[in-house]
Amino acid sequence: MNNIPYKWVLKDTEKNVNIQELAEKFNFPVPLIKILVNRGYDTEDKIRKFINSDIIYLQNPFLFNDMVSAVEIVKKHIEEKNKILIWGDKDVDGITSVCLMTKTLKKLGADVTWYIPQVEGYGLNKETIEKYKDTVKLIVTVDCGITAYEEVKYIKENNIDVIITDHHEPTKEIVEKIRSLNVPIINPHLEDYTGFRDLAGVGVALKFIMAILMSYDKNYYNKNFVILDIETTGLSPITDEICEIAALKVVNFIPKDTFSTLVKPNFPIPQEVINIHKITNEMVKDAPSIQEVLPRLLDFIKDATLVVHNADFDISFINYQLKKLGLEPIPFSKVIDTFKLSKEFLVLSSHSLHSLSSYLLFTNKPSHRALDDVLATAELFYYLYLITNSKLRLFVEEWTIFAFLGTISDIVPLIEENRIIVKKGIEKFFSSHLPMTKIVVDYIKNTLKKPQIDAETISWNLIPLINSAGRLRQVDVAIDFLLTEDIQEANFYFQKLLELNNQRKSLQNTNLSIFYNLIDKQCNLKEDIILFVVAEGIERGVTGIIANNILKEFNRPVILLIAEDGKATGTARSPKGVNIYRILKKTEHLFEKFGGHENACGFTIKKENIPILKNQLKILQEELVIEPPLLEIDLELNPENFNLEFYRYLSILEPCGFENPYPIFMIRNSKIVDWKYFGKDNKHSLVTFEANKKIIQAVCWDIPDIATILRNFTYFNIVGEMELDNQDKNKLRFVLLDLQPVI
């Protein structure tokens, strides 16, 4: 429950979706299908893809326009045995990004070291670069660097190569300036990037690693392939003719050029064939002849390797026509047949393009038209590459262990690629031989007595430990713990992390008290929409956590600064619907450093600029409208569905997090039967409700004044989540988030 009243929003299930049909198709309870549909998974394909989060659905890393350039630079420095510096950030996203890059590059034989600023502030800085300029030949940034034009320029002036990998939003101007220095940028927020944009910094690093690994495959990397498909008037290359040809040129599985044309046959297309591909005689009457088309096609193909689905059919038609023109036939040995490949590696009753599209959930659906089928075959070609390349798959899957930690810590949407990374990462966490995973699993199961390890368990019990090292300027402890291959060393570092986390909690409580006192002194809670607080002489490291706590209590943007030695480090947080990044972007001229996301930012500012910033924010806040916090309710739950069977189906939604939250339910007309306080200072409550003759045991955390509401009313609409009872894993309880009396 919240100190500020929630505005309840009950999601409305899409009326045009056949819920019952989907429930029967998947053998899922209707309420679960309604939750999925409400979250946008409203077709069979979407639900299947949501459930089957295989790494083949990670988008092609070469969708980043600068990826080839970045890969070539890294490989050059590996081959020349030059020292490479990985430059990261001190949060979990940055720490895991550093670990991922460092571990992988070492596996590839690189001379690699790492650096994370702990006292100098976020991002690249010239003072540290100066220390490395005589020994390092390449700097790769992870989770930072996109705003550091001056520092990047300084690095290049010292004849050091730079690669920027980051996920913070850049301006068009800064991108152009950095690229003008011949520095590749790998960032999903670039305008020229067409893939998934909400990757964490470690997700971007994983994509970079994936591209580097793919580049060692000499049969595919930077090679030209042409995907080819034809439509015909029948099944015989001798008696029937080609009526459509399409081809797609790809490099690194990325489309580069397209060839597509109808072809005029000498004889009419039979109606039964028209019924299949929908190419009519009217459509082809003015099309070029096969004699005109084939030379153009050969010129398009040049020396590229052909990729065809069912090459025996397509190439036989092409070669028959080439022979008639007196031209050399295409050797079958120079054609990759995705039909034969799929038969070799996929156990299916049919390996037609349509069957494979259904099985592998193609985005580009085949249609018996040449260009559509070419696009479908191109997608199949990429999937088959990942399916057949077991070494690459194993490498990427293993490294999702690091990537999922950074992803869940950075509160990015747990959808699409992020969902794949987290789901696969948790799966590999249990089977990994890394010492750190064994220690964490043992700690959670045997020390904390947690029955299951999921994204939420990791988020609550491991992420804070790693974060504490960064916050207390001992980031090396976290990196040593994550990277060591010795179980005794890992245990030593883990104990240090536990100690640091206790120190972090103590510091957090101290600073939280200080900032609350300063709010009373520096803010007018009646007028200030943005809470702007400056503290001096206190230790840094936990300001982000404190900002989140204050945000939760007051539901308004929070900007906290700690000033020392003429400068201040600032942290900003904002509620949903308020883009604090855009607000602070308007005052960027006052900052020495600035970066962040829609709801979280960081900056460094000179002390003399703080009053100016505060005054400008007072003007900017007049444009803001703060809505009450929303409580988005997935479903009105029939009390009879409050049972263990339905609860276990909810695991299909895992991993849950931002934009894929654990489902919230409303149960109407719940009669209060009993309640009692428990815990220190009676902060928590156990409440028993009865709804439609069903007893519902509920727990309410940290709301001691709930008694006022419970004493004065009998019936309530209750909203909350379902979970297993800590004391009895065969019992279910309702975690009460809010309630409203029924009057």
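The present account deals with the structure reproduced in this document.

Conventions we followed
- Residues numbered from 1 in each chain as written.
- Predicted model: local features only at pLDDT ≥ 70, side-chain atom pairs only at ≥ 80, totals over all residues.
- Heavy atoms only, no water.
- Phe/Tyr/Trp six-rings, centres within 6.5 Å; stacked < 30°, edge-to-face > 60°.
- Helix = DSSP H or I, 4+ residues; strand = E, 2+ residues; numbered from the N terminus.
- Buried < 20%, exposed > 50% of the residue type's maximum accessible area, 1.4 Å probe, protein only.
- Disulfide = S-S within 2.5 Å.
- Arc of directions from axis to C-beta.
- Contact = heavy atoms within 4.5 Å.
- 1 Å grid on protein atoms, 1.4 Å probe; cavity = no way out; pocket = protein on both sides within 12 Å on 5 of 7 lines; lining within 4 Å.
- Points joined across faces, edges and corners; volume = space filled by probe spheres on them.
- Nonpolar A, V, L, I, M, F, W, Y, C, P; charged D, E, K, R; others polar.
- Axes fitted to C-alpha atoms, helices over the stretch in contact; angles between N-to-C directions.
- Parallel < 35°, antiparallel > 145°, perpendicular 65-115°, else oblique.
- Left-handed = near helix turned anticlockwise from the far one by under 90°.

Brief notes about the packing of aromatic side chains
Right, so step 1: Under the counting rule described, the total for this entry stands at 34 aromatic pairs.
Right, so step 2: When the centroid spacing of 5.4 Å and the interplanar angle of 20° are considered together, the rings of Y220 and F225 count as stacked.
Right, so step 3: Measuring from centroid to centroid gives 5.0 Å for F253 and Y385, while their planes differ by 45°, and the two rings are tilted. With F253 in the loop between β8 (242-251) and β9 (254-262) and Y385 in helix α16 (residues 370-388), this pair connects stretches of sequence that are 132 residues apart. Comparing F253 with Y385, the two get one shared label, buried.
Right, so step 4: One aromatic cluster is present, formed by Y57, Y220, F225, F253, F362, F381, Y382, Y383 and Y385 through successive ring pairs.

Side note on the state of the cysteines
Disulfides are covalent bonds that connect the sulfur atoms of two cysteines.
Right, so step 1: By the definition in use, this model includes zero disulfides.
Right, so step 2: With no disulfide of its own, C523 lies closest to C601 among cysteine sulfurs, the gap being 18 Å.
Right, so step 3: Classification of C523 by relative accessible area gives buried; the value is 12%.

Side note on helix α15 (residues 353-360)
Right, so step 1: Looking only at α15, the buried set comprises L353, L356, S357 and L360. For α15, the angular spread of buried residues about the axis comes to 105°, placing them on one side.
Right, so step 2: Where α15 is buried, its residues contact α14 (338-345) and α16.
Right, so step 3: At the exit of α15 stands L361, carrying a positive phi of roughly 60°.

A word on empty space enclosed by the protein
Right, so step 1: Applying the stated rule across the entire model yields two cavities of 30 Å³ or more.
Right, so step 2: Roughly 70 Å³ of volume is contained in the largest cavity.
Right, so step 3: For the largest cavity, the full set of lining residues is Q522, C523, D528, I530, F532, K614, L617, K618 and Q621.
Right, so step 4: Among the elements that take part in the lining of the largest cavity, helix α26 (residues 610-620) stands out by supplying three residues, more than any other.
Right, so step 5: Considered as a void within the structure, the second largest cavity measures approximately 40 Å³ in volume.
Right, so step 6: For the second largest cavity, the full set of lining residues is F62, M214, Y220, Y221, N252, F253 and Y385.
Right, so step 7: Here the residues of the lining of the second largest cavity are counted per class, giving six nonpolar, one polar and no charged.

With respect to the packing of helix α5 (residues 92-107) against helix α17 (residues 390-409)
Right, so step 1: Contact pair α5 / α17: the axes reach a minimum separation of 7 Å and the direction vectors enclose 165°. Classified by the angle between their axes, α5 and α17 sit roughly antiparallel to one another. Between α5 and α17 lies a crossing whose hand is left-handed. Listed contacts from α17 to V92, D93, T96, C99, L100, K103, T104 and K107 of α5 are F395, W399, F402, L405, G406 and S409.
Right, so step 2: When its residues are assigned to classes, the contact of α5 with α17 shows seven nonpolar, four polar and three charged.

Brief notes about unusual backbone geometry
Right, so step 1: For the bond running from E654 to P655, omega is 0°, close enough to zero to count as cis.
Right, so step 2: With respect to the element layout, P655 can be found in the loop between α27 (644-649) and β19 (665-678).
Right, so step 3: One non-glycine residue, D143, lies in positive phi territory at about 60°.
Right, so step 4: Note on placement: D143 falls in the loop between β4 (136-142) and α7 (149-157).
Right, so step 5: Of the residues examined, D143 reaches a relative accessible area of 1% and is grouped as buried.
Right, so step 6: In this structure, L361 takes a positive phi of about 60° despite not being glycine.
Right, so step 7: Inspection of the secondary structure puts L361 in the loop between α15 and α16.

Comments concerning the layout of surface pockets
Right, so step 1: Reported here for the second largest pocket is a volume of approximately 1000 Å³.
Right, so step 2: Taken together, 39 residues form the lining of the second largest pocket, with K49, Q59, T363, E379 and Y383 sitting closest to its centre.
Right, so step 3: Of all the elements, α16 adds the most residues to the lining of the second largest pocket, at six residues.
Right, so step 4: Of the residues contributing to the lining of the second largest pocket, the split by class is 20 nonpolar, 10 polar and nine charged.

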